[in-house]
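Each chain, letter by letter, is given below.
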Number of protein chains: 2
Amino acid sequence: MEKIDRRAEIILKAVVEEYVRVAEPVGSRTIAKRIPLNISSATIRNVMSDLEEMGYLYQPHTSAGRIPTSEGFRYYVDRLMEVKELGAEEKEAIAGTIESAEGDALGVLKEASRLLSDMIRQACIVIAPGPDRMILKHISFVRLSKEKMLVILVGKSGLIQNRVFAYDEEISQAELDRISNYLNAEIVEGKTIQEIRAHIVRELKRDRARYDRLMKRALDFSERVVSQSAENVIVEGQTKVFEQPEFVENLERLKQVMRSFEEKSVLLKLLDSTLLSEGVQISIGAENALEEFKDMSLVAAGYRRSDSTLGTIGVIGPVRMDYGVVIPFVEYTAQVLSRIFEEK
Amino acid sequence: MEKIDRRAEIILKAVVEEYVRVAEPVGSRTIAKRIPLNISSATIRNVMSDLEEMGYLYQPHTSAGRIPTSEGFRYYVDRLMEVKELGAEEKEAIAGTIESAEGDALGVLKEASRLLSDMIRQACIVIAPGPDRMILKHISFVRLSKEKMLVILVGKSGLIQNRVFAYDEEISQAELDRISNYLNAEIVEGKTIQEIRAHIVRELKRDRARYDRLMKRALDFSERVVSQSAENVIVEGQTKVFEQPEFVENLERLKQVMRSFEEKSVLLKLLDSTLLSEGVQISIGAENALEEFKDMSLVAAGYRRSDSTLGTIGVIGPVRMDYGVVIPFVEYTAQVLSRIFEEK
DNA sequence: TATTAGCACTCTCAAGTCAAGAGTGCTAAT
DNA sequence: ATTAGCACTCTTGACTTGAGAGTGCTAATA
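In what follows, the accompanying structure is described. (Residues numbered from 1 in each chain as written. Chains lettered and ligands numbered in written order. Predicted model: local features only at pLDDT ≥ 70, side-chain atom pairs only at ≥ 80, totals over all residues. Heavy atoms only, no water.)

### With respect to the overall build of chain A
So, point 1. Within chain A, the secondary structure is distributed over 13 helices and ten strands.
So, point 2. Counting only C-alpha atoms and orienting by the principal axes, one finds that chain A spans roughly 85 × 40 × 35 Å.
So, point 3. Put simply, 62% of the contacts in chain A that link residues at least 6 apart link residues at least 24 apart.
So, point 4. Carbon and sulfur atoms make up 47% of the accessible area of chain A, which amounts to about 15200 Å² in all. (Helix = DSSP H or I, 4+ residues; strand = E, 2+ residues; numbered from the N terminus. Contact = heavy atoms within 4.5 Å. Areas by Shrake-Rupley, 256 points an atom, 1.4 Å probe, with all protein chains shown as cover.)

Laid out in structure tokens, this is it:
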């Protein structure tokens, strides 16, 4: 990213902010009025022309104003943006609403994303903690039919994951109950699936486990469940994209976006990288790996318990987004979620 | 609904079918060519003018062709429509896909609605069985914190419902486990919540139940859970509305529809009446009680086990819908679902 | 040398005009 | 009762036009 001189920065900043506000190409005269430097529109035109050459701005056509490119937004976000601090009332509103959400962890996450979506008027997505990261509280086995059984995992935070799986041997509910009880009493509490697996392996090695076949099964199962699944993706406020002129003007685009929201596995891919990183992640336009989102931006942050990331909450919207406002909101919401999951 | 003579019926039928096909006002000449009667376009114009007066057709403006009104569609559905029989391959495809769906009952329902949505290219909604109608297989209590506990109900069909609820007395997980075991062993299997409630009440009266406080709680709880909740609504193929010209041409409308899909409680209200009725329910345009859907149609059918309705599967689309095709698809899908839930 | 005033030029957008096409309603003939 | 024929209406798309916004360039200025 090419460095630009101070005056150009001020102008770029003004262009970005004005464009975010009005969603239309902004001209040199507008900028001249907007910035405190006493500079004529002609000079600004020259600077803007330079910025265009450097790839930070572009003109939709000659004799229109200019629009920041993704690179322009990136420069803005990295070096020019002033992040707005959240006010005490705002913080209170967020924390209060989320903390008083009723229901299980999923309910809390839904409430959080709805709130976030409403406050910043963009679509919001959340990845709920997957079974692999869950610290377990309880496990139940239920026999559904001769070949099928159901496993229900209850996480520390009240999050429930369940999977049906086939078992090739007749087994009674009574026996399953005994196994559930044994596991719950001796193993489950406070461990993750991986730890339980390790434990079972140790037990099996000592050759004293009465239910070794089942345990082996449970092992297989836990391996199969490890990956994130699209069921853990929550989307709220998807219709907020209808408020954005950039989508409304392009119906094909709108349709594509809505389809992505429907096909949640796509979103999972999009947020994948965020799961690994610290802090607020921002990807702008083409920085997104996925074709479908190449003209959208994502602002996301992970929420965590102690040192392991549980999931991600993020905002998806057009590249023209008020990052200075969105970022602190996302950041704080993720913090609140972390706090809640820490306590639970 | 006013009766019309045979010739007018043939013309109305032709107008409806042509309009369904092309989504544009249809003119007298088109009809003249389309129907086997040897009638001139002028005569047809006269008949159409009559039909308009009776409220079955209307003109968007003078000198355009005509469009069937909701009443026109209603007349068509009630008296003129030929319902297309499903072919063996189609039936096979539906039954096969749904039966081989993996996962729990929710997975089956999702698969079914996705399939239906894809086949008839309309949005599809399903109401999953609520906890009140569930025949239980298993029940678990999990202590989440001092004040909160989680109840997990597993239905016969593998459907899971869970609720967090507050309990104002410290209680250990071990004790909860004992209670779960007791309930599972003696009561739960094959009963509905109502029946269990009755059983508990009897036990309590006999004054022998050790866990009477908890049981009272469970009673309260089961009362609270009885109503259908928006969480049981599945929507698949919502973006199918983007294929319909009537919505694409009216963005405001499109937005409203998408919002209804998001706000699932609205859909619950819409389908409410269907839960009570037998067979395929069709409501056209303004027949829908809800303002939001006054220019859409709903074709829905309940699925059931023995004599109690479990839920509903339905298709939502523009009034201009090929009812003759949609109806048998919805009907058969509901049948397959009933069969699956019967077996399970 | 950097800035700026001034101006010609470009492009979009909305409004207006026009002709073609589709379809009707009416009348008069069959 | 039906229909041929025709005038009339309304939409639609193409085209034109003028206003407005904004630029790039040039020449003057500090």
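### Section: the protein's contact with DNA strand C
So, point 1. Looking at DNA strand C, there are 19 residues lining it, with Arg7, Thr43 and Ser63 of chain A together with Ser28 and Arg66 of chain B nearest.
So, point 2. Within the contact set of DNA strand C, a phosphate oxygen lies 3.4 Å away from a side-chain nitrogen or oxygen of Thr62 of chain A.
So, point 3. A distance of 2.8 Å separates a phosphate oxygen of DNA strand C from a polar atom in the side chain of Arg66 of chain B.
So, point 4. It is helix 3 (residues 41–53) of chain A that contributes the most residues to the surface near DNA strand C, four residues altogether.
So, point 5. Of the residues in the surface near DNA strand C, the class split is three nonpolar, twelve polar and four charged. (Near = heavy atom within 4 Å. Polar contact = N/O pair within 3.5 Å; in protein donor to acceptor, adjacent residues only side chain to side chain. Nonpolar A, V, L, I, M, F, W, Y, C, P; charged D, E, K, R; others polar.)

### Points about the protein's contact with DNA strand D
So, point 1. In the neighbourhood of DNA strand D, 19 residues make up the surrounding shell, with Ser28 and Arg66 of chain A together with Arg7, Thr43 and Ser63 of chain B lying closest.
So, point 2. Backbone sugar and phosphate groups make up 73% of those atoms of DNA strand D lying within 4 Å of the protein.
So, point 3. Measuring from a phosphate oxygen of DNA strand D, one finds a side-chain N or O atom of Arg7 of chain B at 2.8 Å.
So, point 4. Here Ser40 of chain B contributes a backbone N or O atom positioned 3.2 Å from a phosphate oxygen of DNA strand D.

### So, the interface of chain A and chain B
So, point 1. With 34 residues of chain A at the contact, the number on the chain B side is 34 residues.
So, point 2. Surface buried jointly by chain A and chain B totals about 3100 Å² across both partners, of which 59% is contributed by carbon and sulfur atoms.
So, point 3. Among the residues of chain A in contact with chain B, Phe242, Leu251 and Glu262 of chain A are the three that bury the most area, contributing 17% of the side total.
So, point 4. Our enumeration of links across chain A and chain B arrives at four salt bridges.
So, point 5. Residues Glu243 of chain A and Lys255 of chain B are paired through a salt bridge, measuring 3.5 Å at the closest nitrogen-oxygen approach. (Buried area = accessible area lost by both parts, 1.4 Å probe. Salt bridge = Lys/Arg side-chain N within 4 Å of Asp/Glu carboxyl O.)

### Focus: the relation of the copies chain A and chain B
So, point 1. The two copies are related by a screw motion: chain A maps onto chain B through a turn of 180 degrees and a shift of 0.0 Å along the axis, at an RMSD of 0.1 Å. On this basis, the relationship between the two copies can be described by a two-fold rotation axis. Every residue of chain A has its C-alpha some distance from the rotation axis, and the shortest such distance is that of Ser140 of chain A, at 3.9 Å.
So, point 2. The overlap is high: 100% of the interface residues of chain A also sit at the interface in chain B, so the same surface is used on both sides. (Least-squares fit on C-alpha atoms with pLDDT ≥ 70 in both.)

### Examining helix 12 (residues 264–272) of chain A
So, point 1. Among the residues of helix 12 of chain A, those classed as buried are Val266, Leu267, Leu268, Leu270 and Leu271 of chain A.
So, point 2. If you follow the buried residues of helix 12 of chain A, they end up packed against strand 3 (123–127), strand 7 (233–236), helix 11 (251–262), strand 9 (296–305) and strand 10 (308–318) of chain A. (Buried < 20%, exposed > 50% of the residue type's maximum accessible area, 1.4 Å probe, protein only.)

### A look at the packing of helix 11 of chain A against helix 12 of chain A
Residues and elements named next belong to chain A.
So, point 1. Two elements in contact, helix 11 and helix 12, have axes separated by 5 Å at closest approach and are oriented at 90 degrees. Between helix 11 and helix 12, the angle is such that the two are roughly perpendicular. Across the interface between the two elements, Ser260, Phe261 and Glu262 of helix 11 pack against Lys264, Val266 and Leu267 of helix 12.
So, point 2. Residues that form the contact of helix 11 with helix 12 fall into these classes: three nonpolar, one polar and two charged. (Axes fitted to C-alpha atoms, helices over the stretch in contact; angles between N-to-C directions. Parallel < 35°, antiparallel > 145°, perpendicular 65-115°, else oblique.)

### Some details on the sheet that holds strand 5 (residues 148–155) of chain B
All names here are of chain B.
So, point 1. Ordered in space as 4-5-6, the three strands form an open sheet in which the pairing is antiparallel. At either margin of the open sheet sits one strand with a lone partner, and together these are strand 4 (136–143) and strand 6 (160–166). Between one strand axis and the next, the sheet turns through 15 degrees on average, direction left out of account.
So, point 2. Where strand 5 meets strand 6, seven bridges bridge the pair, whose relative direction is antiparallel. Paired with Val154 across the two strands is Ile160, which belongs to strand 6. (Pairing = 2+ DSSP bridges.)

### Focus: unusual backbone geometry
Residues and elements named next belong to chain A.
So, point 1. Positive phi, normally seen in glycine, also occurs at Arg121, with a value near 55 degrees.
So, point 2. When you line up the elements, Arg121 lands in the loop between helix 6 (105–120) and strand 3.
So, point 3. A relative accessible area of 45% means that Arg121 is categorised as partly exposed.

### Considerations on the environment of Leu267 of chain A
All names here are of chain A.
So, point 1. Counting through the fold element by element, Leu267 comes out in helix 12.
So, point 2. Among the residues examined, Leu267 registers a relative accessible area of 0% and is labelled buried.
So, point 3. Sequence separation between Leu267 and Ile327 is 60 residues, and the spatial gap between their C-alpha atoms is 19 Å.
So, point 4. Leu267 has contacts with Ile125, Val233, Val235, Ser260, Phe261, Phe293 and Ile316, leaving out every residue within four places of it along the chain.

### Things to note about the pairing of strand 7 (residues 233–236) of chain B
Residues and elements named next belong to chain B.
So, point 1. Because side chains alternate across strand 7, one face comprises the buried residues Val233 and Val235, and the other comprises Ile234 and Glu236, equally buried.
So, point 2. Sheet analysis places strand 3 (residues 123–127) next to strand 7, joined by four bridges and oriented antiparallel. Each residue of the ladder has a partner; that of Cys124, found in strand 7, is Glu236.

### A look at the packing of aromatic side chains
Residue and element names in this part refer to chain B.
So, point 1. Evaluated as defined, the whole model comprises eight aromatic pairs over all chains.
So, point 2. Centre to centre, the rings of Tyr303 and Phe341 are 5.4 Å apart; their planes meet at 20 degrees, and the pair counts as stacked. Remark: Phe341 occurs in helix 13 (residues 323–343) and Tyr303 occurs in strand 9 (residues 296–305); sequence separation between them is 38 residues. (Phe/Tyr/Trp six-rings, centres within 6.5 Å; stacked < 30°, edge-to-face > 60°.)

### Let's talk about the environment of Val77 of chain A
All names here are of chain A.
So, point 1. Structurally, Val77 is set in helix 4 (residues 70–80).
So, point 2. Looking at Val77, the relative accessible area reads 10%, which means it is buried.
So, point 3. Separated by 64 residues in sequence, Val77 and Lys13 have C-alpha atoms that sit 9.6 Å apart.
So, point 4. Sequence-distant contacts of Val77, that is, excluding residues within four places in its chain, are made with Ile282, Ile284 and Tyr323.

### What about the pattern of salt bridges?
So, point 1. Evaluated as defined, the whole model comprises 38 salt bridges over all chains.
So, point 2. Glu82 of chain A serves as the salt-bridge partner of Lys13 of chain A, at 2.8 Å between the closest nitrogen and oxygen. Placement of Lys13 of chain A in helix 1 (residues 6–22) and of Glu82 of chain A in the loop between helix 4 and helix 5 (88–99) is noted, with a sequence separation of 69 residues between them.
So, point 3. We classify Glu82 of chain A as exposed; its relative accessible area is 56%.
So, point 4. With a closest N to O distance of 3.5 Å, Lys13 of chain B and Glu17 of chain B form a salt bridge. You can see Lys13 of chain B and its partner Glu17 of chain B sitting in helix 1 (residues 6–22), four residues apart, about one turn around the helix.
So, point 5. Accessibility expressed as a relative area gives 18% for Lys13 of chain B, which makes it buried.
So, point 6. Owing to a relative accessible area of 22%, Glu17 of chain B belongs among the partly exposed residues under this scheme.

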